[in-house]
Amino acid sequence: MFSIFEILALTTLCASVAQSELLAPCHRNDNVCFEKSINDALPAIFSENKALGIESSDPLKLDLIEGDMPDIKFKFISPITTGFKKCVVKNVKMNLDALTLHEELDCPNLETTGKYEISGRLITLPIEGSGDFKISAGSYNIILDFDLETVVGDDNKVYLSFKSYKQKNEATAPISFDFKNLFNGQKDQADNVLTFANQNWKQVFHLLQEPIWNENIKKIVSTGNKLLRTEPLDQMFISP
């Protein structure tokens, strides 16, 4: 049996957890405050939260990324991306009347590793192989535009939710590619392709990036929606 003191302590702890805030509250339309609030919460946003059934987004683990373009096909098997906790959110524009949100993530160092299978043409050169891979991005800008919606929870409180989004991704510093065992280990051919890829990193990643970013951002947005269901709208924003 619990003593009355243990019951009181447990009750106090539960109340404290229930009232905890992921995002510090801001006045409506105060984008400066909201941007700071998001940045302060970013490490928690990208961390695992077992209580909410949320997996970590840094490292962000996926089962499979598939690219199927006319000239090149690839699979990244069990890819892991690290570095999202170092991103900084900028140019936040929240419009609660229109239910829209614009934000940009500047990420200084993102790295993806895993297993790969690839075949086709890498712009001008043939490419084929399977094995371990690593892609390291020195600096990346991710632009996100969300359409939001409001939903009523079981507690009859109103919550925000990401309804849909558009993304634009741009590497702002060189990207390095390392694919082991290209052409079944034929070193001359492999070195030729990797040299080409690293010298022409912008064009190469422009070719490969869409399926990679689609899967990564999809998981991050899914996590964001779970977190938003813990923050009632009247807790996130203070009415004038």
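Presented here is a report on the structure given in the accompanying data block. (Residues numbered from 1 in each chain as written. Predicted model: local features only at pLDDT ≥ 70, side-chain atom pairs only at ≥ 80, totals over all residues. Heavy atoms only, no water.)

### Focus on the environment of Thr172
Here Thr172 shows up in the loop between strand S10 (158-171) and strand S11 (175-179). You can call Thr172 partly exposed: its relative accessible area is 48%. The sequence separation of Thr172 and Thr230 amounts to 58 residues, and the corresponding C-alpha distance is 34 Å. Not counting the four nearest positions on each side in its chain, Thr172 is found in contact with Ser139, Tyr140 and Asn141. A polar contact of 2.8 Å, which involves the side chain of Thr172, links it to the side chain of Ser139. (Helix = DSSP H or I, 4+ residues; strand = E, 2+ residues; numbered from the N terminus. Buried < 20%, exposed > 50% of the residue type's maximum accessible area, 1.4 Å probe, protein only. Contact = heavy atoms within 4.5 Å. Polar contact = N/O pair within 3.5 Å; in protein donor to acceptor, adjacent residues only side chain to side chain.)

### Quick look at the nonpolar core
Among the nonpolar cores identified, the biggest contains 66 residues, and Phe34, Tyr140, Phe177 and Leu182 are the most heavily contacted of them. With 11 residues, the single largest contributor to this core is helix H4 (residues 201-228). Sequence-distant contacts of Phe177, defined by excluding residues within four places in its chain, comprise Lys134, Ile135, Leu194, Ala197, Asn198, Trp201, Val204, Phe205 and Leu208. (Core = buried A, V, L, I, M, F, W, Y, C linked by side-chain atoms within 4.5 Å.)

### Observations regarding the sheet that holds S10
Note on sheets: strands pair through backbone hydrogen bonds, and any given pair is parallel or antiparallel. As summarised here, the arrangement of the 4 strands in space is S5-S6-S9-S10, forming an open sheet in which the pairing is antiparallel. The outermost strands of the open sheet, each flanked by one partner alone, are strand S5 (88-95) and S10. Ignoring which end each strand starts from, the neighbouring axes of this sheet average 20° apart. Packed on one face of the sheet, helix H2 (residues 31-45) meets S5 and strand S6 (100-107) and runs near 135° to S5. The strands that H4 touches are strand S9 (140-152) and S10; relative to S10, the one it contacts most, it runs at about 165°. (Pairing = 2+ DSSP bridges. Axes fitted to C-alpha atoms, helices over the stretch in contact; angles between N-to-C directions.)

### Description of the side chain of Glu104
Along the polypeptide, Glu104 turns up in strand S6. The charged side chain of Glu104 is buried without a salt bridge, its nearest counter-charge being Lys93 at 5.9 Å. Looking at Glu104, its side chain comes within polar contact range of the side chain of His102, at 3.1 Å. Discounting chain neighbours no more than four positions away, the residues touching Glu104 are Val88, Val89, Lys90, Asn91, Asn141, Ile142 and Ile143. (Lys, Arg positive; Asp, Glu negative; His and termini not counted. Salt bridge = Lys/Arg side-chain N within 4 Å of Asp/Glu carboxyl O.)

### Focus: helix H3 (residues 187-199)
Here H3 contains 13 residues, and its C-alpha end-to-end distance of 18 Å stays within 8% of the 18 Å for a straight helix at 1.5 Å per residue. Structurally, H3 contributes buried residues whose contacts are with strand S7 (110-122), strand S8 (125-137), S11 and H4. (Expected span 1.5 Å × (residues − 1).)

### Side note on the environment of Glu35
Relative to the helices and strands, Glu35 resides in helix H2. Given the relative accessible area of 24%, Glu35 is considered partly exposed. Distance in space between the C-alpha atoms of Glu35 and Gln209 is 27 Å, their sequence separation being 174 residues. With near-sequence residues (within four places) excluded, Glu35 lies in contact with Val89, Lys90, Asn91 and Val92.

### Remarks on the side chain of Glu103
Mapped onto the elements of the fold, Glu103 is located in strand S6. Buried Glu103, no salt bridge; nearest opposite-charge side chain is Lys93, N-O distance 11 Å. Excluding anything up to four places from it in sequence, Glu103 contacts Ile38, Val89, Lys90, Asn91, Val92, Ile142, Ile143, Leu144 and Phe146.

### Some details on the state of the cysteines
Summed over all chains, the structure comprises 2 disulfides. The disulfide partner of Cys26 is Cys33, and the S-S distance across this bridge is 2.0 Å. Disulfide Cys26-Cys33: torsion about the S-S bond near -80°, hence left-handed. The exposure class of Cys26 is buried, given its relative accessible area of 1%. For Cys87, the disulfide goes to Cys107, at an S-S distance of 2.0 Å. Negative torsions about the S-S bond denote left-handed disulfides, and the value of about 110° found for Cys87 with Cys107 makes this one right-handed. With Cys87 in the loop between strand S4 (72-82) and S5 and Cys107 in strand S6, this pair connects stretches of sequence that are 20 residues apart. Residue Cys107 is classed as buried on the basis of its relative accessible area of 1%. The connectivity of the disulfide-linked cysteines in the protein, indexed sequentially, is 1-2, 3-4. (Disulfide = S-S within 2.5 Å.)

Keep in mind these values describe shape, not function.
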